[in-house]
Amino acid sequence: MMENLTYLIPYVPWIVAGALGIGAMSTWGWIHTTKLKIKHGYPLEGMWGQSLKPTNGGETAERVRLLTQENAELRAELGSMKDRLGNVERIVTDGGYALGSEIDALRERSLEDRTDKGTA
């Protein structure tokens, strides 16, 4: 059986170097992501998801309050946009030809008001 694997002997250094390279890259990636989490204020977690650096300070509570307020404002704006979209859909789907003639009648009336009456 050993004589069948003898052709791998010249490649052993490359296999070992590849394994060490992959290990080094994964370790560097773990260190880098931890550094980014710390830099941007994300909580650190242990191997099983437990919190290593709890962030229960006043700054976090303030951020949650501001985000909740912004969320409420965005929901209100979304509600108004839904209402406006409903109006536009109603206008588009309700007798488009009648709407066009009403707009033309308004334009004609506006043009009649603008004509020169000759009273200068």
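Note that the coordinates shown come from a computational prediction; the quantities given were computed from them, not determined experimentally.

## Side note on the overall build of the chain
Along the chain, the regular secondary structure elements total 3 helices and 0 strands. Listed N to C, the secondary structure of the chain is α-α-α in terms of helices and strands. Residue burial in the chain is summarised as follows: out of 120 residues, 1% are buried. Here the chain displays about 11,400 Å² of accessible surface, and carbon together with sulfur accounts for 63% of that area.

## Quick notes on the layout of surface pockets
Estimated volume of the largest pocket: approximately 150 Å³. Residues that form the lining of the largest pocket fall into these classes: 3 nonpolar, 3 polar and 2 charged.

## Some points on the confidence of the model for the chain
When pLDDT is low, close inspection of the predicted coordinates is not appropriate. On average, residues of the chain score 82 in pLDDT, and 85% of them reach the 70 mark or higher. The secondary-structure element of the chain with the lowest mean pLDDT is helix 3 (residues 96-114), recorded at 75, while helix 1 (residues 12-39) shows the highest, at 94.

## Things to note about helix 1
Its 28 residues place the ends of helix 1 40 Å apart at the C-alpha level, agreeing with the 40 Å of an ideal helix rising 1.5 Å per residue. Within two residues after helix 1, G41 carries a phi angle of roughly 80 degrees, on the positive side.

## Focus: the pattern of salt bridges
Summed over the entire model, instances satisfying the criterion amount to 2 salt bridges. R65 is the partner of E62 in a salt bridge, and the nearest nitrogen-oxygen pair spans 2.7 Å. With E62 and R65 both in helix 2 (residues 58-93) and 3 residues apart, this pair spans about one turn of that helix. Here D104 ties to R107 by a salt bridge, and the two come within 3.6 Å at their closest N and O atoms. Of this pair, D104 and R107 both sit in helix 3, separated by 3 residues, roughly a single helical turn. For D104, a relative accessible area of 40% gives the class partly exposed. Overall, R107 belongs to the exposed group, its relative accessible area being 55%.

Here is what the cut-offs are and how they apply
Starting from 1, residues in each chain are numbered consecutively following that chain's sequence as written. At least 70 in pLDDT is required for a residue's local features to be given in this predicted model, at least 80 for side-chain atom pairs to be given and counted, and no such filter applies to totals for whole chains, interfaces and linings, which use all residues. Side-chain metrics in this entry use all non-hydrogen atoms of the structure; hydrogen atoms and water are not considered. Working definition: helices are DSSP H or I runs of at least four residues, strands are E runs of at least two. Numbering for both runs from the N terminus. Exposure categories follow from relative accessible area, calculated using a 1.4 Å probe and restricted to protein chains: below 20% of the type maximum is buried, above 50% is exposed, and the middle band is partly exposed. Each accessible area is a Shrake-Rupley result for a 1.4 Å probe, and residues are judged covered by the shown protein chains and nothing else. Only protein atoms enter the 1 Å grid used here, on which a cavity is any set of points holding a 1.4 Å probe that cannot leave and a pocket is any open set flanked by protein within 12 Å on both sides along at least five of seven lines; residues with an atom within 4 Å of a point are listed as lining. Grid points are joined across faces, edges and corners, and a volume is the space filled by probe spheres set on the points. Nonpolar residues are Ala, Val, Leu, Ile, Met, Phe, Trp, Tyr, Cys and Pro. Charged residues are Asp, Glu, Lys and Arg, and all others, Gly as well, are polar. pLDDT measures the predictor's confidence residue by residue and takes values from 0 up to 100. Helices are assigned an expected span. That span is 1.5 Å times one less than the residue count. Think of a salt bridge as a Lys or Arg side-chain nitrogen and an Asp or Glu carboxyl oxygen that are within 4 Å of each other.

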